[in-house]
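Given next are the chains, with one letter for each unit.
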Amino acid sequence: VQLQASGGGSVQAGGSLRLSCTASGGTFSSSGMGWFRQAPGKEREFVASISGRGGSTDYSDSVKGRFTISRDNAKNTVTLQMNSLKPEDTAVYYCARSKYYLTNFYKVGDYDYWGQGTLVTVSS
């Protein structure tokens with residue numbers, strides 16, 4: 001399984017960005033997918049997850065109401081729409097494939113394949 005993330009960039013506070021992650025190999029719809037982020041000097045943290053067929057989603061409290069995760073299983077793609085961005089959202093964002101079908105898994109160890117990361121920078 002390979003994951004390729006794209007869509008990062010620089011934006012001012014209050015702006016929006018859309019991250020995409022395309023998977024190759026494996027059976028995409030069999031696994032939940034997630035987004036994590038890692039800011040400089042901090043541990044990688046959970047951002048959002050979505051179940052195998054997209055029926056359920058989960059978000060960290062820090063992004064709830066601002067970010068939306070979705071997936072298109074026909075295109076093997078998972079997307080993170082990020083609105084109302086804040087400077088504290090600045091980080092490298094990683095997509096990852098869950099070891100499980102459902103969404104309620106928040107630890108790095110719950111995910112077995114990772115994309116290369118894409119940098120999001122939000123300026124004040």
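Residues numbered from 1 in each chain as written. Predicted model: local features only at pLDDT ≥ 70, side-chain atom pairs only at ≥ 80, totals over all residues. Heavy atoms only, no water.

Participant: I would appreciate a short explanation of the overall build of the protein in the present structure.
Facilitator: Each helix and strand in the protein was counted, giving zero helices and eleven strands. Written out in order from the N terminus, the α and β elements of the protein read β-β-β-β-β-β-β-β-β-β-β. In terms of C-alpha radius of gyration, the protein reaches 13 Å, essentially the compact-globule figure of 14 Å for 124 residues. The principal-axis extents of the C-alpha atoms in the protein amount to approximately 40 × 25 × 25 Å. Per-residue burial over the protein gives 44% buried out of 124 residues. Considering only contacts in the protein between residues 6 or more positions apart, those separated by 24 or more positions represent 59%. Split by element, the accessible area of the protein, about 6100 Å² in all, is 46% carbon and sulfur. (Helix = DSSP H or I, 4+ residues; strand = E, 2+ residues; numbered from the N terminus. Rg over C-alpha atoms; globule rule 2.2 N^0.38 Å. Buried < 20%, exposed > 50% of the residue type's maximum accessible area, 1.4 Å probe, protein only. Contact = heavy atoms within 4.5 Å. Areas by Shrake-Rupley, 256 points an atom, 1.4 Å probe, with all protein chains shown as cover.)

Participant: Would you mind going over the side chain of Asp58 with me for this structure?
Facilitator: Its place among the elements puts Asp58 in strand E6 (residues 57–59). Buried and unpaired, Asp58 has no salt bridge, with Lys64 as the nearest side chain of opposite charge at 5.3 Å. Only 2.4 Å separates the side chain of Asp58 from the side chain of Tyr106, close enough to count as a polar contact. In this structure Asp58 touches Phe46, Val47, Ala48, Ser49, Thr103, Asn104 and Tyr106, once residues within four positions along its chain are discounted. (Lys, Arg positive; Asp, Glu negative; His and termini not counted. Salt bridge = Lys/Arg side-chain N within 4 Å of Asp/Glu carboxyl O. Polar contact = N/O pair within 3.5 Å; in protein donor to acceptor, adjacent residues only side chain to side chain.)

Participant: For this particular structure, what's the right way to read the state of the cysteines?
Facilitator: Note on terminology: a disulfide is the covalent bond linking the sulfur atoms of two cysteines. Applying the stated criterion to the full structure yields one disulfide. The partner cysteine of Cys21 in its disulfide is Cys95, sulfur to sulfur 2.1 Å. Torsion about the S-S bond of the Cys21 and Cys95 cystine: about 60 degrees, corresponding to right-handed handedness. Of this pair, Cys21 sits in strand E3 (residues 17–24) while Cys95 sits in strand E9 (residues 91–98); the two residues are 74 residues apart in sequence, bridging distant segments of the chain. Taken as a pair, Cys21 and Cys95 share a single burial class, namely buried. (Disulfide = S-S within 2.5 Å.)

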